[in-house]
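Each chain is listed here by its residues.
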Amino acid sequence: MNKKQLKVASIAFVAWYVISRPAGAANLVNNALSGLGTAAESLSQFMSAIPN
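> Honestly, the overall build of the protein in this entry has me stumped. Any pointers?
Along the backbone of the protein there are 2 helices and 0 strands. Taken over C-alpha atoms, the radius of gyration comes to 18 Å for the protein, far larger than the 10 Å a tight globule of 52 residues would show. Projected onto its principal axes, the C-alpha coordinates of the protein cover approximately 50 × 30 × 10 Å. Out of the 52 residues in the protein, the part that is buried amounts to 4%. As presented, the protein carries roughly 4700 Å² of accessible surface, and 68% of it is formed by carbon and sulfur atoms.

As structure tokens, then:
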């Protein structure tokens, strides 16, 4: 399977998941964004703790 076919299959799977389970898809996106926010906050705290 080449990269183009893999990309099309991935997009088709995401579309199918959103259509068949919209609540689950929204929960997945919410959790992913929450995780990114937590990681950014942790990195910010780490950078603030480094002495000048």
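> What's the story with the packing of aromatic side chains in this structure? I'm lost.
Aromatic ring pairs: the centre-centre distance and the angle between the two ring planes describe each pair. Under the counting rule described, the total for this entry stands at 2 aromatic pairs. Both rings, one in F13 and one in W16, keep their centres 5.7 Å apart while their planes meet at 35°; by these two values the pair is tilted. Here W16 and F13 lie together in helix α1 (residues 3-20), a separation of 3 residues that amounts to about one turn. When the ring of F13 is compared with that of Y17, the centres are 6.3 Å apart and the planes differ by 20°; the resulting orientation is stacked. Placement of both F13 and Y17 in helix α1 is noted, with a separation of 4 residues, approximately one turn of the helix. Exposure remark for Y17: the relative accessible area of 22% places this residue in the partly exposed category. Taken together, the aromatic side chains of F13, W16 and Y17 make up a single cluster linked through ring pairs.

> Sorry, what's going on with α1 here?
Given 3.6 residues per turn, any residue in an α-helix points the same way as the ones three and four places further on. Its 18 residues place the ends of α1 25 Å apart at the C-alpha level, agreeing with the 26 Å of an ideal helix rising 1.5 Å per residue. Where α1 starts, the residue carrying a side-chain oxygen 3.2 Å from the main-chain nitrogen of K4 turns out to be N2.

Rules behind the numbers
Residues numbered from 1 in each chain as written. Predicted model: local features only at pLDDT ≥ 70, side-chain atom pairs only at ≥ 80, totals over all residues. Heavy atoms only, no water. Helix = DSSP H or I, 4+ residues; strand = E, 2+ residues; numbered from the N terminus. Rg over C-alpha atoms; globule rule 2.2 N^0.38 Å. Buried < 20%, exposed > 50% of the residue type's maximum accessible area, 1.4 Å probe, protein only. Areas by Shrake-Rupley, 256 points an atom, 1.4 Å probe, with all protein chains shown as cover. Phe/Tyr/Trp six-rings, centres within 6.5 Å; stacked < 30°, edge-to-face > 60°. Expected span 1.5 Å × (residues − 1). Polar contact = N/O pair within 3.5 Å; in protein donor to acceptor, adjacent residues only side chain to side chain.

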